Amino acid sequence: MDVSLIGLGQMGSGMADNLVVAGHQVTVWNRDRAKAEPFAARGAKIAADPAAAAQAGTVMTMLADDAAVEAVVFGDGGLLAAGPGLLHISCSTVSVDLTARLAAAHAAAGQRFVSAQVLGRPDVAAAGKLSIIAAGAAEDLDVAQPLFDVIGAGTQRVGDRPVMAAAAKVALNAGIPAVMQMLTEQFRIVAAHGIAADRMVALLLDVNYGNRLIGSYGPIIAEQRFEPAGFPMRLGRKDVGLALAAAGDADLPLTELIASRMDAIIEADGGEQDWSAIGQ
Ligand code: NAP
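Computed from a prediction, not measured in an experiment: that's the story for all the values here.

What about the domain arrangement of the protein chain?
Link 1 in the chain: Domains assigned within the protein chain are domain 1 (2-161) and domain 2 (169-279).
Link 2 in the chain: A separation of 38 Å is found between the C-alpha centroids of domain 1 and domain 2.
Link 3 in the chain: Taken together, the 6 residues of domain 1 in the interface contact 4 residues of domain 2.
Link 4 in the chain: When domain 1 packs against domain 2, the two sides together hide about 420 Å² of surface, and 72% of this comes from carbon and sulfur.
Link 5 in the chain: Along the contact surface separating domain 1 from domain 2 lie 0 salt bridges.

Below you can see the structure in the form of structure tokens.
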């Protein structure tokens, strides 16, 4: 199909490459035109501005942040200037506020808008294996699906309003630093007793730690099934205390925070609830 890709940075360049290789009629636009030139040699057209790129009828944007997306959509020669009929597929990680404004502005211009958030780093984008979290009108997502199938390994549709994908993406990203902090603290605990971090990584992968925890605790927390407890808060607090003691002088700010939350719950008579009530 005819499709334009706007934003040829680390992620967008790999996505554009895959669309070209898959045989789509690709037009590209990038603020710094030098990044667009190599795509001409591969058979893509280079648009003069975003509004010209919109003549393809379907535009994917992969831009740095809110300001970049605002410039490309609301600016001079932006997507809104292209007139009715356009389908804009927004892949950049941007705010839910901007996503809501984009949905309203495109609708007012007689255009269609979906959010298609991506998980995966630039090497994953280049390999066409992104995980896509999409939201918008089902008929618009159906139009976009062949493009998702090229840039991604799978698509999850999370709702009929684009903000739903934006919210899912920021929630997913908020968890990543929490996991990175958790790993750092786990490595500190075992390092105090001679286990190297890479050995701990192998152990975590071998026991399928991430999926296992989300698989067991995700449904309990989603359904708020904290009683009867499979493992009560008072025993969980004991184990967190054991970890703090095992770490010696190592700095464990996340574990300390969790211990103090558990103490507060136990003090409020929550000691017999399942320890998955930690966030309540
Ligand atoms: P990047 O390499 O920095 O590319 C940013 C793109 O935005 C470039 O094409 C840049 O154009 C353009 N841009 C920036 N400001 C602009 C403006 N004011 N007007 C027009 N264009 C502008 O970033 P990236 O890693 O590809 O990330 C793109 C988006 O994907 C971000 O929202 C990011 O959070 C998200 N994301 C990234 C990753 C990752 O691992 N990198 C993973 C998932 C999602 P110029 O070339 O002219 O500067």
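Topic: the site of the ligand
Link 1 in the chain: Near the ligand lie 21 residues; those nearest to it are Gln-10, Met-11, Asn-30, Lys-35 and Ala-64.
Link 2 in the chain: Measuring from an oxygen atom of the ligand, one finds a side-chain N or O atom of Asn-30 at 2.7 Å.
Link 3 in the chain: Arg-31 has a polar side-chain atom sitting 2.9 Å from an oxygen atom of the ligand.
Link 4 in the chain: Considered on its own, the ligand offers 910 Å² of accessible surface; in the complex 76% of this is hidden by protein.

A closer look at the packing of helix 8 (residues 162-191) against helix 12 (residues 253-270)
Link 1 in the chain: Contact geometry of helix 8 with helix 12 gives a least axis separation of 8 Å together with a crossing angle of 100°. Put simply, helix 8 runs roughly perpendicular to helix 12. Of the residues in helix 12, those in contact with Ala-178, Gln-181, Met-182 and Glu-185 of helix 8 are Pro-253, Leu-254 and Thr-255.
Link 2 in the chain: Per-class residue counts for the contact of helix 8 with helix 12 are 4 nonpolar, 2 polar and 1 charged.

Focus: the pairing of strand 8 (residues 152-159)
Link 1 in the chain: Both strand 7 (residues 130-135) and strand 8 contribute to a ladder of 6 bridges, which runs parallel. Bridge pairing links Ile-132 to Thr-155 in strand 8.

Observations regarding the packing of aromatic side chains
Link 1 in the chain: Throughout the structure, instances matching the rule amount to 2 aromatic pairs.
Link 2 in the chain: Judged by centre distance (6.3 Å) and plane angle (75°), the rings of Tyr-217 and Trp-275 are edge-to-face. One end of the pair, Tyr-217, is in helix 10 (residues 209-223); the other, Trp-275, is in the segment after helix 12, and 58 residues separate them in sequence.
Link 3 in the chain: Given a relative accessible area of 25%, Tyr-217 falls into the partly exposed group.
Link 4 in the chain: On the accessibility criterion, Trp-275 (26% relative accessible area) is partly exposed.
Link 5 in the chain: Here a set of aromatic residues connected by ring pairs shows up, and it is made of Tyr-217, Phe-231 and Trp-275.

Here we look at the packing of helix 11 (residues 233-246) against helix 12
Link 1 in the chain: Their axes nearest at 10 Å, the elements helix 11 and helix 12 cross at an angle of 150°. By the angle between their axes, helix 11 is roughly antiparallel relative to helix 12. Viewed along their axes, helix 11 and helix 12 form a crossing whose handedness is left-handed. Of the residues in helix 12, those touching helix 11 at Met-233, Arg-234, Gly-236, Arg-237, Val-240 and Leu-244 are Thr-255, Glu-256, Ile-258, Ala-259, Met-262, Asp-263, Ile-265, Ile-266 and Gly-270.
Link 2 in the chain: For the contact of helix 11 with helix 12, the residue count by class is 8 nonpolar, 3 polar and 4 charged.

Thresholds applied
Residues numbered from 1 in each chain as written. Predicted model: local features only at pLDDT ≥ 70, side-chain atom pairs only at ≥ 80, totals over all residues. Heavy atoms only, no water. Domains from an automatic or database assignment. Contact = heavy atoms within 4.5 Å. Buried area = accessible area lost by both parts, 1.4 Å probe. Salt bridge = Lys/Arg side-chain N within 4 Å of Asp/Glu carboxyl O. Near = heavy atom within 4 Å. Polar contact = N/O pair within 3.5 Å; in protein donor to acceptor, adjacent residues only side chain to side chain. Areas by Shrake-Rupley, 256 points an atom, 1.4 Å probe, with all protein chains shown as cover. Axes fitted to C-alpha atoms, helices over the stretch in contact; angles between N-to-C directions. Helix = DSSP H or I, 4+ residues; strand = E, 2+ residues; numbered from the N terminus. Parallel < 35°, antiparallel > 145°, perpendicular 65-115°, else oblique. Nonpolar A, V, L, I, M, F, W, Y, C, P; charged D, E, K, R; others polar. Pairing = 2+ DSSP bridges. Phe/Tyr/Trp six-rings, centres within 6.5 Å; stacked < 30°, edge-to-face > 60°. Buried < 20%, exposed > 50% of the residue type's maximum accessible area, 1.4 Å probe, protein only. Left-handed = near helix turned anticlockwise from the far one by under 90°.

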